[in-house]
Amino acid sequence: MAHAANGASNAAAGDLRAAALQFQQAMPGAAIGQLGSTLVPLVALLVAMHYGLAVGWWWLVPLLALPAAGMTVRTFIIQHDCGHGSFLPSRRANDALGRLCSLFTLTPYAHWRRQHAQHHGTWNDLDRREGRGSDIYSTCLTVAEYSALGAWQRRWHRLLNHPAIALLVLPPIVFFIVYRLPFDTPAAWVNERRNVHMTNLAILVLYGGLGFFLGFWPVALVLLAVMVPASIAGVWLFSLQHRFDGASWARHDDWDAVTAAIEGSSLLRLPRLLQWFTGSIGFHHIHHLAPRVPNYRLEECHLAHPAFASVHVLTLKDGLRAFRYALWDEEADRMVTFKEADARLAVLSPASGRLSLDPPDAHARAATASSAPAVHGEHG
């Protein structure tokens, strides 16, 4: 990213970071207000859905499922902020609240927090994608790495990254199954592995207890009705903001945090209601520039410095198309679609089906890249 379009000097970069850091102080009043406007209506909606099933008003479930899913996404943003230590002034209070939120989001708090911290240390850095678990959402292959895969490996990679699979089929699997198993967690992460099991136990006690009193099928139906759309919206929300037409990636020697925040993240401009449900996390450039800025101050921070206006803006329509841009083309210096990459492959090497545009050490990098990545929820 040394070629960064804004050509910001070190002094200008420092100025941007200093401007953002002014907003990283948590505001207890705003935090409590956000809790009151999120967890209270979420619980009320869930109670209403269960009441509807109990008295035969089944239509309340589909009617209230999307508002409850929106509240669940908003709860996830609160949990996410707690993981950064930004939502409340006290670390102990953040951790306690984050664990409480995990019962609604089905996401093990401490485990996700550490995986997410890795993302914040390496985002959009092409030389630091190793050790990111099995993430297909906030990282990507280069065109050279993709071309170095075998034909079946390329097909598998394309299948996993197809929007219908990556954004509709896989998200519920991530939240219901993948988050229940620390399958790609390093053995040294003892506390995080324990957190997965303790979260599972808490979920079993909570929803098992509800099932005992309300019926297991009604509890399962309400949980599915809320978590399926919430997981789809949440995965889409976090994944699109690093993989879109216009995003910048760089080799480590050319990478710096400020430029990566401004050019490797985006401003997702949503209608006000959707911005409210998503906790303003669309101001993702601010979040990466200063992760301890709480969600309820992100927009205020964005408006505080004129240079933030140069960030890449995505509309809702842009966001729905963003996931098609799945590969980084180092020659063209841009994100490209599989169709664009395959067209180059066919032109440059029509006989073998292999692309010969690799940098000198591209095959070595490709050997370490995952040829058939699975998924987890390491985003944001």
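About the thresholds
Residues numbered from 1 in each chain as written. Predicted model: local features only at pLDDT ≥ 70, side-chain atom pairs only at ≥ 80, totals over all residues. Heavy atoms only, no water. Helix = DSSP H or I, 4+ residues; strand = E, 2+ residues; numbered from the N terminus. Buried < 20%, exposed > 50% of the residue type's maximum accessible area, 1.4 Å probe, protein only. Contact = heavy atoms within 4.5 Å. Areas by Shrake-Rupley, 256 points an atom, 1.4 Å probe, with all protein chains shown as cover. Arc of directions from axis to C-beta. Axes fitted to C-alpha atoms, helices over the stretch in contact; angles between N-to-C directions. Parallel < 35°, antiparallel > 145°, perpendicular 65-115°, else oblique. Left-handed = near helix turned anticlockwise from the far one by under 90°. Nonpolar A, V, L, I, M, F, W, Y, C, P; charged D, E, K, R; others polar. Phe/Tyr/Trp six-rings, centres within 6.5 Å; stacked < 30°, edge-to-face > 60°. Lys NZ or Arg CZ within 6 Å of the ring centre and 35° of its normal. Salt bridge = Lys/Arg side-chain N within 4 Å of Asp/Glu carboxyl O. pLDDT = per-residue confidence, 0-100.

A. Layout of the overall build of the protein. Secondary structure summary: the protein contains 18 helices and five strands in total. Buried positions account for 53% of the 380 residues belonging to the protein. Taking the contacts inside the protein whose residues are at least 6 apart along the sequence as the reference set, 75% of them involve residues at least 24 apart. About 16,600 Å² of surface is accessible on the protein, with carbon and sulfur atoms providing 67% of the total.

B. Structural context of helix 8 (residues 151-161). Turning to helix 8, its buried residues are Arg 154, His 157, Leu 160 and Asn 161. The arc enclosing the buried residues of helix 8, seen along the axis, measures out at 130°, which places them on a common side.

C. The arrangement of the packing of helix 4 (residues 60-83) against helix 11 (residues 216-239) in detail. As a packed pair, helix 4 and helix 11 sit with axes 8 Å apart at the nearest point and diverge in direction by 45°. With respect to helix 11, the axis of helix 4 lies oblique. Relative to helix 11, the crossing made by helix 4 is right-handed. Between helix 4 and helix 11, the residues in contact are Val 61, Ala 65, Leu 66, Ala 68, Ala 69, Thr 72, Val 73, Phe 76, Ile 77 and His 80 and Ala 225, Val 226, Met 227, Pro 229, Ala 230, Ala 233, Gly 234, Leu 237 and Phe 238, respectively. Considering only residue class, the contact of helix 4 with helix 11 consists of 16 nonpolar, three polar and no charged.

D. Structural context of the packing of aromatic side chains. Applying the stated rule across the entire model yields twelve aromatic pairs. When the centroid spacing of 5.8 Å and the interplanar angle of 80° are considered together, the rings of Tyr 51 and Trp 57 count as edge-to-face. For Tyr 51, a relative accessible area of 48% gives the class partly exposed. Residue class for Trp 57 comes out partly exposed when judged on its relative accessible area of 41%. Between Phe 76 and Trp 112, the aromatic rings sit 5.1 Å apart at their centres with planes inclined by 85°, giving edge-to-face as the arrangement. Note that Phe 76 is positioned in helix 4 and Trp 112 in helix 6 (residues 109-122), a separation of 36 residues in sequence. Taken individually, Phe 76 and Trp 112 each receive the classification buried, so the pair is uniform in this respect. Following the ring pairs from residue to residue traces out a cluster consisting of Phe 76, Trp 112, Phe 175, Tyr 179 and Phe 238. The ring of Trp 276 carries Arg 74 above its face, with NZ or CZ at 3.8 Å from the centroid.

E. Inspection of the pattern of salt bridges at higher detail. Across all of its chains, the model carries twelve salt bridges by this definition. The partner of Asp 95 in a salt bridge is Arg 91, with the nearest N and O atoms 3.9 Å apart. Remark: Arg 91 and Asp 95 occur in helix 5 (residues 91-105); sequence separation between them is four residues, near one turn of the helix. For Arg 91, a relative accessible area of 64% corresponds to the exposed category. Across the salt bridge formed by Asp 342 and Arg 158, the nearest N and O atoms sit 2.1 Å from each other.

F. Structural view of the packing of helix 3 (residues 39-55) against helix 5. Where helix 3 meets helix 5, the closest approach of the two axes is 12 Å, and the angle between their N-to-C directions is 25°. Comparing the axis directions of helix 3 and helix 5 gives the class roughly parallel. The way helix 3 lies across helix 5 gives a crossing that is left-handed. Between helix 3, through Leu 39, Leu 42, Val 43 and Leu 46, and helix 5, the contact on the second element is made entirely by Leu 97, Leu 100 and Phe 104.

G. Region of the structure containing the confidence of the model for the protein. Taken residue by residue, the protein gives an average pLDDT of 87. The fraction at 70 or more is 87%. For the stretch residues 352-360, pLDDT sits under 50, and the model shows 25 contacts to residues farther than four places along the chain or on other chains. The low-confidence segment residues 366-374, where pLDDT is below 50, has 17 contacts with residues more than four positions distant or belonging to other chains.

H. Spatial organisation of the environment of Thr 139. For Thr 139, the position within the fold is in the loop between helix 6 and strand 1 (141-142). In the structure, Thr 139 is positioned 100 residues away from Ser 239 in sequence and 8.8 Å away in space, judged by C-alpha atoms.

I. Fine view of the environment of Leu 16. You can see Leu 16 is positioned in helix 1 (residues 10-21). Given a relative accessible area of 5%, Leu 16 falls into the buried group. For Leu 16 and Phe 308, which are 292 residues apart along the polypeptide, the C-alpha to C-alpha distance reads 8.1 Å. When neighbours within four sequence positions are excluded, Leu 16 is seen to be in contact with Val 258, Ile 262, Leu 289, His 305, Ala 307 and Phe 308.

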